[in-house]
Amino acid sequence: MQNKVLFLLTLVLLSISSYAQRGVRVAYIDTEYILENVPEYQEAIAQLNQKADKWKNEIAAKLSAIEQKRKDLSNEKALLTKELIEEREEDIYFEEKEILDYQQKRFGPNGDLFIQQKQLMQPVQDQIFAAVQDIATNRKYDFILDKSSNTTILFSAKQYDISETVIRSITRTAKRTQAQSKAERKAAKEEELVPEVNLEQEARAKALEEKKKERESAIEEARQKKLAAREAKVKAAEERRQKILEEREKAKQAKLDARNKVSETENNEDEAKTDDDEKEETETDTDTTTETEVKTKAQLIEENRQKKLAEREARKKALEEKKKKILEERQKALEEKQKVRDSINQNK
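Residues numbered from 1 in each chain as written. Predicted model: local features only at pLDDT ≥ 70, side-chain atom pairs only at ≥ 80, totals over all residues. Heavy atoms only, no water.

### A short note on the overall build of the protein
In plain terms, the rule: Strands here mean DSSP runs of E at least two residues long; helices mean DSSP runs of H or I at least four residues long; both are numbered from the N terminus. Accessible area is worked out with a 1.4 Å probe on protein chains only. A residue is then buried under 20% of its type maximum, exposed over 50%, and partly exposed in between. Here, residues are in contact when the closest pair of their heavy atoms is within 4.5 Å. Only the protein chains shown count as covering a residue, and every accessible area follows the Shrake-Rupley method with a 1.4 Å probe.
Of the regular secondary structure elements, the protein holds ten helices and two strands. Going from N to C terminus, the protein has its helices and strands arranged as α-β-α-α-α-α-β-α-α-α-α-α. Residues counted as buried form 16% of the 348 residues belonging to the protein. In the protein, the share of contacts with a sequence separation of at least 24, taken over all contacts with a separation of at least 6, comes to 81%. Total accessible area on the protein is roughly 28300 Å²; 52% of this is exposed by carbon and sulfur atoms.

The structure is reproduced here in structure tokens:
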């Protein structure tokens with residue numbers, strides 16, 4: 001940089017010495033000041049800043065959503081399987097990578113913001129250059145320097161600053177080129193101020209879109225495989241469960257069959273025994289059975305009632321005798337005590 005400055009100063013000095021006889025005319029401009037006072041440039045910059053703010057808010061919202069997904073996954077890890085955790089982590093990774101790619105596309109060294117700034121600067125720079133050329137030709141300047149560029153200017157007198165002249169020239173040119181009708185002005189207003197057509201950008205967008213499609217296809221394929229494996233596991237578990245239930249049912253039925261067989265055997269034995277007992281009773285109690293069959297139902301009820309009354313009378317009689325016996329024993333004990341007491345009194 002110092003070598004360039006020295007070379008430029010040397011060139012200026014040599015030029016000044018060559019034009020010393022007729023006098024050297026030198027002026028300078030401040031490009032930054034000119035840009036600040038060109039309304040079209042300021043309006044375009046405002047629109048570009050709005051776009052940049054919109055992109056920033058977009059990216060911030062997406063990053064915030066991803067951070068929330070991370071927190072939700074951290075809170076739900078205890079309830080999820082390892083496969084689901086890996087799947088969700090993979091989705092979050094791809095979403096984050098997509099946002100970072102989008103951020104690079106918008107704000108990277110060759111991103112949309114840089115390209116549009118360059119596209120925005122170029123027309124104004126062309127206007128400044130054209131205005132400087134016209135002023136230099138009309139006023140016969142030998143040198144016009146740029147104060148805001150990398151050239152080192154240690155001192156510059158205000159009288160040699162032609163920035164205002166350049167601004168007025170640009171303004172006059174802009175007024176001459178303004179739309180002549182209301183329809184043209186409306187069309188110019190609605191026209192995109194900062195064109196975004198860029199072959200490199202389109203190629204990059206297309207490549208990103210293809211990568212996104214491939215990634216989505218890979219994710220969908222992996223998801224289908226996981227779903228198929230999960231369905232196979234569920235089906236195998238259901239088959240095992242059904243098999244266990246069938247085996248249990250068979251074992252239960254076998255136990256019931258064995259129990260029924262034992263019951264039938266016992267019943268047969270009991271029936272055989274009952275038949276023998278009935279046969280014996282029939283042989284030994286033929287007369288009694290005959291008498292019972294001859295009696296009517298009313299007679300049986302009356303006999304049962306009379307039997308209960310007789311039993312009650314017997315119990316009552318037994319209680320009376322027991323009571324009488326207790327009273328007699330008490331009376332006898334009292335008499336014995338009285339005899340003992342009388343005997344003691346006589347001895348005294």
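From this point on, the discussion continues.
### Quick look at a negative patch on the surface
Worth spelling out the cut-off: Patch definition: residues with relative accessible area over 30% and no salt bridge; like charges joined within 9 Å; nonpolar side chains (Val, Leu, Ile, Met, Phe, Trp, Tyr) joined within 5 Å. Definition used for salt bridges: Asp or Glu carboxyl oxygen within 4 Å of a side-chain nitrogen of Lys or Arg. When charges are counted, Lys and Arg are positive and Asp and Glu negative, with His and the chain ends excluded. By convention, the charge on Lys lies at NZ, on Arg at CZ, on Asp at CG and on Glu at CD.
There is a patch of like negative charges on the surface, built from Glu209, Glu210, Glu214 and Glu216. With respect to the helices and strands, Glu216 occurs in helix 8 (residues 199–284).

### A word on the packing of aromatic side chains
Inclusion rule: Geometry of aromatic contacts follows a simple scheme: Phe, Tyr and Trp rings, the Trp one being its six-membered ring, pair when their centres are within 6.5 Å, and the pair is stacked under 30 degrees between planes, edge-to-face over 60, tilted otherwise. In this analysis the charged atom, NZ for Lys or CZ for Arg, is taken to sit over a ring once it is within 6 Å of the ring centre and within 35 degrees of the ring normal.
The tally for this structure, following the rule as stated, stands at two aromatic pairs. Judged by centre distance (6.1 Å) and plane angle (75°), the ring pair of Trp55 and Phe107 falls under edge-to-face. Here the residue Trp55 occupies a position in helix 3 (residues 39–76), and Phe107 occupies one in helix 4 (residues 82–107), the gap between them amounting to 52 residues. The class for Phe107 is partly exposed, based on a relative accessible area of 26%. Just above the ring of Tyr141 sits the side chain of Arg25; from NZ or CZ to the centre is 4.8 Å.

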